Amino acid sequence: MHHRIAGVRLSRTSAHRKALFSNLIAALFTHERIRTTDAKAKETRRLAERTITWARRLGDVLGKKPERRSLDESARYVHAVRMARRVVRDRGAVLRLFEDVAPRFLDRQGGYTRIIKAGFRYGDNAPMAVIEFVDRDVDAKGQDSGPEQEKAAEAA
């Protein structure tokens, strides 16, 4: 029986799975659109939407500068950041979540992402999907991605 067991195993250890989804969600917050397998996309959506909701619940606190927040608002903000950091380990992605992504979804009650089927992967025929934000910023593509971007920034 498979009662009350949430999430998928994906033939990985729990630590590997946690790191995998942390990296996928960080990439989603950074690039606003990623291509992965269908099973990973579905699980990524579940975790990413929960994380966005933690940030979105702050409401008007998101727009305030840190020095303008009351003590209670600062405590709520720190708590939300710590909750998000439990899932997303990348500081830059969490910063982007609270500064760019969450304010866009303040009026939305849920359903921040969409999954689009993207055919099958060459080699093992795994079903692929694209996961993206419903109102994504098309200029965010390739903004930050690893060593290639760092080399390009140094050369410029």
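Starting afresh in each chain, residues are numbered from 1 along the sequence in its written order. For a predicted model such as this one, the threshold for reporting local features is a pLDDT of at least 70, and the threshold for listing and counting side-chain atom pairs is 80 or more; totals across whole chains, interfaces and linings nevertheless cover every residue. Each side-chain value is derived from all of the structure's non-hydrogen atoms; neither hydrogens nor water enter the calculation.

S.K.: An account of the sheet that holds strand S2 (residues 113-120) is needed here, citing residue identities and associated values.
M.R.: Note on pairing: DSSP must find at least two bridges between two strands before they are called paired. Elements are defined by DSSP. Helices are runs of H or I of four residues or more, strands are runs of E of two residues or more, and each kind is numbered from the N terminus. With respect to topology, 3 strands assemble into an open sheet ordered S1-S3-S2, the strand pairing being antiparallel. Strand pairing shows two members of the sheet lacking a second neighbour, strand S1 (33-37) and S2, which therefore form its edges. Taking each pair of neighbouring strands and ignoring which way they run, the sheet shows an average axis angle of 25°. Across 5 bridges, the pairing between S1 and strand S3 (residues 127-133) is antiparallel. In this analysis, axes come from line fits to C-alpha atoms, helices being fitted only over the stretch in contact, and the angle between any two N-to-C directions falls in the range 0 to 180 degrees.

S.K.: Please provide a residue-by-residue account of the side chain of Glu 43, values included.
M.R.: Positionally, Glu 43 belongs in helix H2 (residues 38-56). Since its relative accessible area comes to 9%, Glu 43 is described here as buried. A contact between two residues is defined here by any heavy atoms of the two lying within 4.5 Å. Setting aside its immediate chain neighbours within four residues, Glu 43 contacts Gly 7, Val 8 and Phe 21. Burial classes: relative accessible area under 20% of the type maximum marks a residue as buried, over 50% as exposed, and values in between as partly exposed (1.4 Å probe, protein chains only).

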